[in-house]
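# Structure at a glance
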Amino acid sequence: MADDFTQSLTPPVSPFAADGLCELPPSQPPCFCCAESKEDSASTLPTDGYIARGALKRLLLRLDPAPSEYETDIVEIFGFPWVTEIALVESTKLLFGLFRQKIYKLEILVQSSSRDFGQAGNLHYEAEDLKKQCVTFLQYIKVYLYLEPSSALEAGSSHPFEELEAQFPSSLLEELFGITLLIGRLKDLPANTQSTFTIQNQGKLFPPSWHMLHLHLDIHWSILEILHMLGQVVYAHQFVNLTGENLTDTSLFEEHLCSLLCDLTGLAMGKYSKVRPTEALAIQHYPCPCIKELWILLMHLLENRSKVLHTQSFWNYMNSLLRPLVSGKPATEQFSGIPTHCKDPLGFTWWLVTHTAMLGQYSRSGTIQTEQHIDNWALMEELLKITCNPKGNLAEEQVRMHVHCCLTMCMLWTPSTVAVSTLWDYYSKNLNGSFSVPWLGVSGLGALCKSPLALLEQARSCCSPSPLHSLEHTQLYRTANSFHIFLRILALCLSQDRAGGVPQRQIKGRIYSKFSSKKMQELSEAGLMNFLLLFIVVARQVELEDVAGRACELLGFLPSNCPPGHRTLVWRGQLTLLLLFQERGLDVGAQASWLASSFNETAKEFYNKTTEMSRKLALWGPLGSYLEGVAEVFETSTSLNLSEEKLLNEGFDWLLPACRQSDLNSALGFLQTILAQLRRVHHRSVHLAPNLTWVTGNISMGKERHLAVASALWAHFYPFLRGLRLSQTPPAQLADAAAGFTLLAFDLPGTAPQDLQPHPVQSIMQCFGWDDMIHPFLVTRYLPHILENRYAFYFIWETSGQSSTGSSCSGISLSVRAWFRCMLQQYLHKNQDGTDNKTARAVEEQLCELTRLVLRLPEVDSLLQKAGLQPTPNKIEPNVALELFVKSVGIAYSRIQVLSERSAMIIRALDYVGDIFKHIKPSLVSKNQEALQLTYWAVGCIVKHWSPLLATSKAQQLLFRIVDGLLLPHNVTLQDKALRDSLPLYLQGLSVASSVSQSQGAHLKQQLRSVTRRYLNHFLPPSPSIGAIANHPVLLSACESNPTPRGATLRRSILEVLCESFLQFKGYTPPPRLASVLMFLWELLRRNQDTDPALLTLPLPSLLRSLMIVNEAQVRTMSTDALQLVVERCAAASAEGPCEQMITVLSFVEENEGVYDRQVYSVLEMIAVLDAAVVQALIPNLSLSLRNTEHKRGLGRNTTLRSAYKKLLCLLGESGQAEITSLEED
C-alpha cells in the first residue's frame, strides 16, 4: 500500500508513534449485509444492519455512534495507523483518496470476476475486506464528528491545526460531494451489479458485485448520516469559488435524498412490473432486506428532522415524488430522475405507499409498533378519488387491489371518514355490479351466502378483519370482491366511534341518503345482496334497531310482485337481522311478524291450484330459503324466549300440503330441527331452574315462550303429519318428525291438541307406531327414536294402549307386536324381481336397529333370560331374534304351573302377534317368494314352539285359522317352496297340540291327518327318487336323532295316514306310486330309532301284501328292506319271547292262504330267517289253516301247498320237524 504514495505525502502518523498502539482494531461497524437474513427477509431485519445494531437510534438521539470504539490514540484505517483525534482534519484529502482507491479496486474486482468457482472464495474474501475498510472509514467520520471539540481556542491565538479544523466542515462537504459524483446513483449501477439484489445464498460466498452493491447502499446512507450530524449550515467554499454555485450541507442532503428516493422508487417499479393483482400485498416493494432497512432508515430520519428541524416529513417527500407520476405531469426538478416507464402509475402508487406504510410499523429499534403511525391520508384520498372517478373506467381487478390497499391503510392508520365517503359514493352508484374478476373464476366471486347464518358470518368477517400480516389478509383479493373489502373499511371506520359520535352519524346518514323508492326498485339480485350485506354490517357496528328499521322501510319499497330471487334475498336478509337481534338479546317479534306475513302470502300462492307449475318451482326458492333460515334462527337461540314462535304461522298450513316429495323432505327436516331445538332448550331451562332461583321471572317467561312455540308446532304441523301417516310411500322424515312430536308431548303434554288428550304420548304412538295400517318403513324408523329415549321408554313401559281387538294392552306388548308385524312384512317392499330397492334397504337397516331395541325391552329380556336364550352381544339378525323370541315365549309358558299365570301368558302371547292373518295377508297375495317363505317360516315357528299354548281354548281359534289359511287352502302352487321349507314346523306343532288339547284333540288330530295326507301326496314323486324322498317335508318333520314321545306320536300319525291312504290295495290292484311310498316308509323307519312294536307293526300288513301280490322289482326290494327293518326292530324289542304284535299281524295267513298258496309261505320264510320264534308261534294256526283249506276244497291232501309249508317248517328247527312228522301222519 505504501508504494501507492509519493515521498511528498505527509506520513500518516508521527515518527514517535509506538508500534503497539494499533494492536486492538475496532469491531466491525454496522453495515448493509443481508447474508444472514435472506431466507426470512419479509419479517426480519438484517442482524448486522444499522437498526439491529442500534445505529439509527443513536443517530436520532445524537449519541456516540460507537461508544466503545476509537478510545485509543491510534486508529487503523486502510491498513495504516493514524492519530485518532487529528487524522481526519489533518489528512482529509489523503483519507478520502484512499477511500476512492478502495472503491476503484472493488470495481476492478467486479469487472474482472469470472465464473470460476475455484476463485469464488478468494474473490469473496477480498471484496468483503475492501467493503469493511470502506465502512470502517465512514464509521470513523461519524465518530469523529460526534467527538469533535465544540469549544474554540482562545481569541488572538493562532495555531495551524485550528485553521485546518475551521476549514474541515467545508472540506468534508466537498469530499462527500465528490463521493456522490464518484459512486453515482443506484439506478446507474451496471445491470449485473443490480441483479445481485436477488442473488441466492451460495454457502455464504458472494461475488464482488454483491459486495459492491451493498457498499453503495452503505455510502448513500452514510452520506445522509454525516450530513445530518453536521448540525449547522456548512458551505463548500472551494466548490463555490471554482463553480460559482452554492453547495451547502442542506442542499447536498436534499439532492442526495431525492435522488435516493427516486432510485428506490425505480427499484420498486421494477418489482411491480412482475406483480399480479392477486399478489399485491404478498410481494414486497424491495428486492433485498437491505433496501427494506434503507426505507425504514429514511422514514425515521426524515420524521426526526421534520420534528426537530421543521423540514419536510417523509410522506411529504413521497407525495411530491408520486403525485406527478399519478397525474402524468412532469416531475419537479428535485425528482426529475424518477423513471417514467411505469405500466400502471395509479396501481403502483397504491402498492408502493401501502408497503411503505407497513414498514412504518418498525420502531427505531427494529421492533413492530402497535401504536398509531403517522398517516398519509392526504395522498390516499387523492388516489381514491382517481380510483372512484367514473371517467377512469377502472376494471374490478384494479379497483379491488386499490381498495385492498386502502383497507391495509385503515388498519395501519386511523380510518378516514373522507375515504369511506368517497368509496361509498362509488359503490352506491355501482351497487348492482357483480364486482367479479373474470380470470379469477369462482374464487373471485366472493362467498355465496346461501343462508342467513352464512350472510351473518360474512358480515362478521367484514367487521373483524384478519390481522395485517396474516395469510387471510394478503389473500383477500382472491376471496372477497372490492365491495366486501369496502365493507371492512366501513366497519373499521364505524368501530372507531362506538358511542354514535359525529363521524358515525355522518357515515350512516350518507348511506341512508343514497336509497330511495326508485333506487330500491332498480336493484338487481346482486344489488339487493350488496344492500343487505351493507346494512347488516352497519347494524353490527351501530344502533341495531335503527338500522334494522330503516332496512325494513327500504325493503318495503320493493314491488309486491318482485321476482322470487329477490324475495329469497329479502327474507334471508331479514332472518340475518333476526340473528343479530338474538345475539343482543332483543325481542324479534316485530321483525318476525313482518317476515311471517310475507311468507304466509307466498305460501298461499304456492298452494293455489291455479298457480302454474313453473311458478311453483320458482316460489320454492324463497320458501325453502325461509325454512333454512328459520331453522338457523332457532338453532342459534339459547333460550327461545324472544318471540321466535311468530315465525311459525299459518303459512305452513298452506305450504305442507302443496309440497312435492323433495320439497316435503326439506320441510320435514326443518320441522325436526325446530322440535329438537325446542326440546333441548326446554330441558336446559328445566335443569337450570332449581339452581337459579333469582331468575324465576325470566324462567317463567321463557317457559311461556316455549309453550307458545310448541303450540304453534302442534297447530300448523301435526295435523298434516297425521294425515300423511297412512301413505304407502311415506317420506323417511315423517317418522323422525312424528317421533319429535311424541317426545315433545312427553316434555310438554299440556301443549298437545285436545283430540290427543288426556294421554298424548300414547295417542301419538298409536297413530304412528302401533297402528297395524302404518307402513313398516314408517314404523321401523319411528319406534327406535322412542325406544332409545330413556324417559320415553320408561313411560311406555308403564303405560297401556288399545290393541286391534279393542282390548287393553301394555305399551311394551304393542311395541313388540309392531316389530313382529314389520318382521313379517319386511320383504314386501322389494322389486317384483326380488331385487332390493331404496325402501327395502331402508326397512332392512331400520329393522335391525328396532330388533336390537326390542330385545332390550325389560319384558322381552326377561323372557329370553328365563328361557336361557340370551342373544349374543354382537349384532343379531332380525330373523334369528324372532325365532329366539318365539321360543322364549313357548318355554316360558311351558314352565308356568299356576293356571291364572298361564292364562295371563296366553293373553300376552296373543297380544304379541296380534291379528297375524292381517299381517301376513299382503305376503300371501304377493308373488314375492322371500315374503312367502318368511311368512310360512315365522308362523311355523309359532305353531311349533307355542303348540301347547295354541291348543288351549283361548288360542285354538288362531291355530285353526292357521291350518285352514296356510296349510289347507285350495291352491298351494305359489307356496310350494315356502311349504316345503316350513312344513315340518307345522306338523310338529300340530302333533303336540293334538296331544295336549283337552277340548279339540280329536279335531286337531283330524286336521293333522288331513295336512299330512295332503302334503304326503303333494310332495311325493311319481317314481322312487332318493333325493326327493330324503328331503320330503313330511319325512323331515318326523325324523329325530333320539326318539321322543312327541316324535313317536307324529310318526304314528304319519304311518296311519300312509297305511290308510297310500298303501291300501283295491282287490289285487296295488295303490299308485307304490314304490315311492315304500321308499318313503323305509326312509321313515330307517332314520328313526323307534323300538315300539305297536308303532313298527303298523305298516306290516301292507308290506306283506305288497310282497305277496306285486312282482315289480323295485316294490319287492323296498318291501323286503322295510320288512326286514320292522322284523329286526320288533325282535330286538321283544327279547323275552315272540313279539305279540307280530304274531297278531301275521295271522293274515288265514285270510290269504287259500288265495295265495305258495306266496304266503314264501313271505313267512323271509320272516323265519329274521325271527324264527315268531313264525314258530304260528305253527298251530298255520297247520290248522292248511287242513281247513284242504277240507274246503274237498280234493284231499294238497301236495303243492303241503310241500311249500314243509319248506317253511324246515326253517323252524325242532318244532318245525315235529310238525312235519305230524303232517305226514295225516
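Residues numbered from 1 in each chain as written. Predicted model: local features only at pLDDT ≥ 70, side-chain atom pairs only at ≥ 80, totals over all residues. Heavy atoms only, no water.

## Digging into the pairing of strand β1 (residues 74-77)
Rule in force here: One bridge is not enough; two strands pair if DSSP finds at least two bridges between them. The helix count covers DSSP runs of H or I at least four residues long, the strand count covers runs of E at least two residues long, and both are numbered beginning at the N terminus.
The pairing of β1 with strand β2 (residues 80-83) spans four bridges and is classified as antiparallel. The residue bridging E76 from the neighbouring strand is P81, located in β2. Hairpin connection from β1 to β2: two residues lie between these consecutive antiparallel strands, with F78 at a positive phi of about 55°.

## Regarding the packing of helix α4 (residues 120-147) against helix α7 (residues 208-230)
Rule in force here: Helix axes use the C-alpha atoms of the stretch in contact, all axes being lines fitted to C-alpha atoms, and the angles between their N-to-C directions lie in the range 0 to 180 degrees. What sets the label is the angle itself: under 35 degrees gives roughly parallel, over 145 gives roughly antiparallel, 65 to 115 gives roughly perpendicular, and the rest give oblique. Contact between two residues is taken to exist if any of their heavy atoms lie within 4.5 Å; hydrogens are not considered. In this classification, Asp, Glu, Lys and Arg are treated as charged, Ala, Val, Leu, Ile, Met, Phe, Trp, Tyr, Cys and Pro as nonpolar, and every other residue, Gly included, as polar.
Their axes nearest at 10 Å, the elements α4 and α7 cross at an angle of 0°. Put simply, α4 runs roughly parallel to α7. Across from L123, H124, A127, E128, K131, C134, V135, L138, I141, K142, L145 and Y146 in α4, the residues of α7 making contact are P208, H211, H214, L215, D218, I219, S222, E225, I226, M229 and L230. Looking at the contact of α4 with α7 residue by residue, the class counts come to 14 nonpolar, four polar and five charged.

## Describing the packing of helix α35 (residues 811-824) against helix α36 (residues 838-855)
Cut-off, in case you're wondering: Put simply, a crossing is left-handed when the front helix is turned counterclockwise from the back one by less than a right angle, and right-handed when it is turned clockwise.
Between α35 and α36, the least distance of the axes is 11 Å, while the angle of their chain directions is 145°. Here the hand of the crossing between α35 and α36 comes out left-handed. On α36, the residues touching V816, W819, C822 and M823 of α35 are L847, L850, T851 and V854. Here the contact of α35 with α36 is built from residues that sort into seven nonpolar, one polar and no charged.

## A few points about the packing of aromatic side chains
For clarity, the threshold we go by: When two rings of Phe, Tyr or Trp (its six-membered ring) have centres within 6.5 Å they constitute a pair, described as stacked for plane angles under 30 degrees, edge-to-face for angles over 60, and tilted for the intermediate range. Buried, partly exposed and exposed residues are distinguished by accessible area as a fraction of the type maximum, computed with a 1.4 Å probe on protein chains only: under 20%, between the cut-offs, and over 50%, respectively. Placement of a charge over a ring requires the Lys NZ or Arg CZ to be within 6 Å of the ring centre, with the centre-to-atom vector within 35 degrees of the ring normal.
Counted by the stated rule, this structure contains 49 aromatic pairs. Consider the rings of F96 and F137, whose centres lie 5.1 Å apart with planes at 85°: the pair is edge-to-face. Of the two residues, F96 is situated in helix α3 (residues 92-112) and F137 in helix α4; the sequence distance between them amounts to 41 residues. Side by side, F96 and F137 carry an identical accessibility label, which is buried. One aromatic cluster is present, built from ring pairs that chain together W424, Y426, Y427, F435, F483, F486, Y512, F515, F531 and F535. The ring of F253 carries the charged tip of R305 above its face, separated from the ring centre by 3.8 Å. Against the face of Y607 rests K609, its NZ or CZ located 5.0 Å from the ring centre.

## Regarding unusual backbone geometry
In the segment running from Q757 into P758, the intervening peptide bond is cis, with an omega of 5°. Phi is positive for R62, which is not a glycine, with a value near 55°. In this fold, R62 is placed in the loop between α1 (55-60) and β1. According to the relative accessible area criterion, R62 is partly exposed, its value standing at 43%. One non-glycine residue, H310, adopts positive backbone phi at about 60°. Tracing the chain through its elements places H310 in the loop between α10 (289-308) and α11 (314-327).

## A short note on the side chain of T84
Put simply, the test is: Distance and chemistry together define a polar contact, namely a pair of N or O atoms within 3.5 Å, with one atom able to donate a hydrogen and the other to accept it when in protein, and with adjacent residues in sequence counting only for side-chain atoms on both sides.
Tracing the backbone through its elements, the reader meets T84 in the loop between β2 and α2 (87-90). Within polar-contact distance, the side chain of T84 engages the backbone oxygen of T72 at 2.9 Å. Leaving out residues up to four positions away in the same chain, T84 has contacts with Y70, T72, D73, I74, V75, Y140 and Y144.

## Points about the domain arrangement of the protein chain
Here is the rule: Domain delimitation in this document rests on an assignment produced automatically or drawn from a domain database. By buried area we mean the combined loss of accessible area, with a 1.4 Å probe, across both parts when two parts are placed together.
Entries for the protein chain in the domain assignment read domain 1 (39-45 + 248-359), domain 2 (69-148 + 164-247), domain 3 (392-438 + 447-561), domain 4 (760-914) and domain 5 (1142-1225). It is T278, L281 and W350 in domain 1 that bury the most area against domain 3; as a group they hold 39% of the surface buried on that side. The tally of links from domain 1 across to domain 3 stands at one residue pair in polar contact (both at pLDDT 80 or more). Looking at the side of domain 1 that touches domain 3 element by element, the count peaks at eight residues for helix α12 (residues 345-359).

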